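Spelled out, the chains give:
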Amino acid sequence: MGEATIAQRLVEAVRSDFPDHQPGTRPVHTVGIGVSGTFMASEVAGQFCIAAPFRAAQMPVLVRFSNGSGSPVEHDGWSDVRGMATRFLPGDGAAMDMLAMTLPEFFTPNVDAFLQFTKAAMPQSVERESPWRKLIDMLRLELPLPDPEPGETMNGSAGMMAYANRHGFAGEAVFRAGMIGAPVSYARATYHAVHCFIVTGADGVRRPVRFSWQPVSGVRTTDPTAPAIDRYLHEELRARLAQGSAQFMLMMSVGEGGDALNDPTRPWPAKRTRVAMGMLSLAQVVADQLADCERVGFNPCRLLPGIAVSDDPILRARRDAYEYSQRERGATPCPFAGG
Amino acid sequence: MSAMQGAFDPSELQGNILRGYRRAAVRYAVFEVVKPVAARRWLGRSASGGDAEVPAVTPERSWSVRPDYCFNVGLTFAGLRALGLGAAMLAQFPGEFAAGMVRRAVKLGDVGTSAPECWPAPFDQPARVHLVAAIYADDGAHLDAVQRLLEQGDAAQGLRLMGIRNGGNFDGDFVHFGYRDNISQPRFAEIAEHADLGEPIAPLGMALLGHSTGLEGVSWRVPQPSVLGHNGCFNAFRILAQDVAGFEGYLDQTAEQLLADPRGAVLLPPGDEGRIGAGLTRRAALREVVAAALCGRWRNGVPLALSPETPNPEPAVSLTAFDYTDDRRCPVGAHIRRSNPRGAKIVQRVASHTRRLIRRGMPYGPRFDPDRPDHVERGLLGNFIGASLGAQFEAVMYDWVNLGLQDPRITGSNDPILGVNDPATSWFDLPLRDGKPIRLAGLPRFVTTRGGAYLFLPSLPALKFLASLSPV
Amino acid sequence: MSIRSASAALRLVRLRGAEAMSGSVGWLERVVDRLPDSPVFQFLARHVLVPFWAWRTPVAVAEGGPVMTIAPGDNVQRMMNLVMKLKDPSPIGRAKAALAIAQNVDEIYAGLNNVGTVHFARFVLVGDHLCMFSVYDGDFTNYIRDFIATIGSVFDAVVALIDGGDAVIPTEQNVEAFIDWVHARDLYQVPDLATDLLNQQRDGSATETDIRRLPRALILQLQANPNVSLGSGYRAYPGFSAAQLRHRLEVGW
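Residues numbered from 1 in each chain as written. Chains lettered and ligands numbered in written order. Predicted model: local features only at pLDDT ≥ 70, side-chain atom pairs only at ≥ 80, totals over all residues. Heavy atoms only, no water.

Enquirer: So what exactly am I meant to see when it comes to the pattern of salt bridges here?
Expert: Proximity of charged atoms lets side chains of opposite charge pair with each other. Scanning the entire structure with this criterion turns up 63 salt bridges over all chains. Note that Asp139(C) and Lys107(B) form a salt bridge whose closest N and O atoms lie 3.0 Å from each other. Remark: Lys107(B) occurs in helix α5 (residues 105–108) and Asp139(C) occurs in the loop between β3 (129–136) and α7 (140–159); the pair is interchain, linking two chains. Neither Asp139(C) nor Lys107(B) differs from the other in exposure class; each is buried. In this structure, Arg287(B) and Asp252(B) form a salt bridge, with 2.6 Å as the shortest nitrogen-oxygen distance. Linking Arg287(B) in helix α11 (residues 282–295) with Asp252(B) in helix α9 (residues 244–260), this pair joins segments that are 35 residues apart in sequence. (Salt bridge = Lys/Arg side-chain N within 4 Å of Asp/Glu carboxyl O. Helix = DSSP H or I, 4+ residues; strand = E, 2+ residues; numbered from the N terminus. Buried < 20%, exposed > 50% of the residue type's maximum accessible area, 1.4 Å probe, protein only.)

Enquirer: How should the sheet that holds strand β1 (residues 78–85) of chain C be read in this particular structure?
Expert: Each strand in a sheet pairs with another by means of backbone hydrogen bonds, the pair being arranged parallel or else antiparallel. All names here are of chain C. If you walk across this open sheet you meet the three strands as β1-β3-β2, and the pairing is antiparallel. With one partner strand each, in any of the chains shown, β1 and β2 (118–126) form the two edges of the open sheet. Each strand axis lies, on average, 10 degrees off the axis of its neighbour in the sheet, ignoring direction. In terms of strand pairing, β1 meets β3 through eight bridges, oriented antiparallel. If you follow Met79 over to β3, its bridge partner there is Val135. (Pairing = 2+ DSSP bridges. Axes fitted to C-alpha atoms, helices over the stretch in contact; angles between N-to-C directions.)

Enquirer: Would you take a moment to explain the confidence of the model for chain C for this structure?
Expert: In regions of low pLDDT, the predicted coordinates are not meant to be interpreted in detail. All names here are of chain C. Averaged over all residues, the pLDDT of chain C is 86; the fraction at 70 or higher stands at 87%. Per-residue pLDDT, averaged within each element of chain C, yields its smallest value for helix α1 (residues 3–11) (39) and its largest for helix α11 (residues 242–248) (97). Across residues 1–23, where pLDDT falls below 50, the model places 67 contacts with residues more than four positions away in sequence or in other chains. (pLDDT = per-residue confidence, 0-100. Contact = heavy atoms within 4.5 Å.)

Enquirer: Just checking my understanding: could you explain the packing of helix α9 (residues 194–201) of chain C against helix α10 (residues 214–224) of chain C for this structure?
Expert: Angle between the axes and distance between the axes: these two values describe a pair of packed helices. Residue and element names in this part refer to chain C. Viewed as axis vectors pointing N to C, α9 and α10 meet at an angle of 65 degrees, and their least axial separation amounts to 10 Å. Between α9 and α10, the crossing angle belongs to the class labelled roughly perpendicular. Two packed elements cross with a definite hand, and for α9 against α10 that hand is left-handed. Contact residues: α9 offers Ala194, Leu197, Leu198 and Gln201, while α10 offers Leu214, Ala217, Leu218 and Gln221. In the contact of α9 with α10, the residues fall into six nonpolar, two polar and no charged. (Parallel < 35°, antiparallel > 145°, perpendicular 65-115°, else oblique. Left-handed = near helix turned anticlockwise from the far one by under 90°. Nonpolar A, V, L, I, M, F, W, Y, C, P; charged D, E, K, R; others polar.)

Enquirer: I tried to follow the interface of chain B and chain C on my own but got confused; where do I start?
Expert: Contact with chain B, which involves 34 residues of that partner, is made by 32 residues of chain C. Both sides of the chain B and chain C interface together cover about 2800 Å² of buried area, and 63% of this is carbon and sulfur. Of all residues in chain B, the largest losses of buried area upon contact with chain C belong to Val350(B), Tyr398(B) and Pro408(B), amounting jointly to 20% of the total for that side. Applying the counting criterion to the chain B and chain C interface returns one salt bridge. At the boundary of chain B and chain C, one finds 14 residue pairs in polar contact (both at pLDDT 80 or more). Elements with a contribution of two residues or more to the side of chain B that touches chain C: α5 and α13 (389–401) of chain B. Looking at the side of chain B that touches chain C, the element that brings in the most residues is α13(B), giving five residues. (Buried area = accessible area lost by both parts, 1.4 Å probe. Polar contact = N/O pair within 3.5 Å; in protein donor to acceptor, adjacent residues only side chain to side chain.)

In structure tokens form, the structure reads like this:
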């Protein structure tokens, strides 16, 4: 089976989970907003990674925040995973992407399992669990199925949960995704790059690492008991940036022998050496969202010398899947690559 | 406790504890106790001097004429229970021994390919590993003769042979990785004829229950009645496969790296190859420099601590009388320094000199031929003996061999030869006389555990006591 | 397990429900959604449901202390949370405990410096309990064993004040028993990942999980282990031993 075929199957599989998906848009994380800012590497970042973003003092960045869903309809207040794609622009036409999300782990450890998972996550019509059923759940001291969001008639929750119960590796991601809630602001969530990357230090030592963005203003979700609001995240970000910048600290955890280096379903413990790699300051929402953000194609494998992909099979598959998807929707893989 | 005992009588011990027999071959026979009455009868006959049908347990003694063979036994916790030792007595044995080697796997680094789930028979059924008998001789005929005895009479009735492991020397004290081994052992004041190796004398309680330990004021629990526990000790019996092709390949790879690295010239100045060995190419000399650094000894056994420049110092140096007072001679992470830091400054100062182990090992598998490298299983049948598995063997394996807690410069790395290394994260610092060390990376796991058991090595009176237990 | 997921799990229901969806929701549903907060249900849960499920699907008392792995980061800065019931919980008994610690400051500090692997250690009185909380590197038994060797007498003085402590003194002659005794009083550390709790309870054998069973798993575990450490905790500079920090801060080790 050729690479393109796997990429195509992955993209089609993801799309199939969102019946109202619109051609020409991203298959997931469809609703988003682009922001520009600067990244400033910390004083130690270059010791751990010689890639240009960690050596230069300061460089421009483009960030796209998004809701996880592949639906074109904006439901900011629904409980959902959020994304943060960052493009570092260290100069001389070079670019590096870092794709992160609010879930610290992925659902499956490999491509085959992911294809099965997307099948299981195919939306089914949902109704609130009956009160009697809920009562039984309570008597069993078990978690009832989550109520659908107001107006939500179809979702993949039950299928995902059933899949997770059959495949232990998916349990943590499904459980956490079910509890994730909605952030009060895109600038008030922690985003994880999930996969392991291999960075080369100034001393030539190669280390397996994972990255996370932590918001300086702190993590905060909306009140889950209050009615969900469909549109607020974009306006909130505009208002916040009009007042000043929003900042994120880039943290890098160093993996160790015994860690699941290539398994994105297993987060590493917080007991790993943690390096402060730099600070991201977001300045303004980009003016032309379509040209400067929506048409941009990010790719988690767009890296620069000094940082490389690990053997994580999901990460490796994402390279082609994103390229395939970008060709499909006519996006620019990299505005600076001349292509 | 020891005050209650009479004077120390070494002849009450099994003979394979305080000294090595220095035989050419060994056979370990692993048994399950199936009929305790017959098994106890057999044990009693063996511990009481043996007879035509039962090989005698060899006691500690000096002999003028070497016997044809030596024979010793160790029992697992499950084995003690199977023989009929009651719950109250079993409860006095230490927790790690009761748990057994399999349940201590993570602590010992027996994970991944070394995990007990990967061990071949008979070690895939740890609950049935009850008694491990060791036969030592100079040839296979004697080993066979003793094994035949173990397959008849009371032994055949009471014990089921689960498997055997054969070991044999192929080049004196040299082992598969090409080093001379079996050099340094604890020495006890009570055993007069030990050669003076120039190392500190170890307290008897480091090896045997019921005597003062190396930790001031501290004594280990002696399972009662006293005859059962006194003068007994514990043995971590390990079958350790050694990836010689992988090891030599790593030396090749590292030599290439050093040839390309300008600091390689600091490590071994060009023109100095001759002091490593006559006629060696620069690449071959660098291989030996690295091999010595990983172990802490040149392959001929000469310690880096006394001879950092050459394996052939003039005049010759002691192989045992050394310390790590000059910090730069022997890498902190070198195998022999990690597993026995001697008088070196260590983080756990209280524990200095308290974790020594008696090591009795014999290679198994065919000798590796570098001209025709193969991946046939070969390795070491190792016995790591002490009065406390927890305070000695496990402490060394967990804190020092892996993790490297004893010195902040190696903490977070594992022993380069024995450690549970993953090439993605492993490292070893090669010290240079000036400046920062060269950090070697990508060390794979060279030693894989293929089986083993925690054994109690009872004294002869204890064996007779076990034989006399009332029928169950 | 994060506090958020634990509390959400215990709420049992995601409550965007009744109020947010007025009109489409019947009275029964409203009642059921609010049930977890009602005194009647809470009474029923405490006195009937929990005992019933503890009997029906028993959960073993989980072992104290950190979980063993081979990763170096898991083997430095480990937590000991020792909770020991005082023989005499009156102010007099508590004062005795305070004095036993105060009188042995030199012994304790010298002992900790020479054990070499301890980051922090402190004694705390909570109600009827004397607690010893510490952060140490490496193996628990080595830590306690080395500590006995250097300050066994202080342990004896402290343990003499504790319920059941007489059986393990003098500690120098009861090393194995004392280590087991301490281990039995070291708090269970709830796994950091919610689903690992289910894995632990199943002894890691089965491959199936039922994540909806998490609330019950947590409740029954807390029934078996009333005092626990919630997760392995935050570290400002994870991955370094005490000696490494001293070495890099250039204050000697």
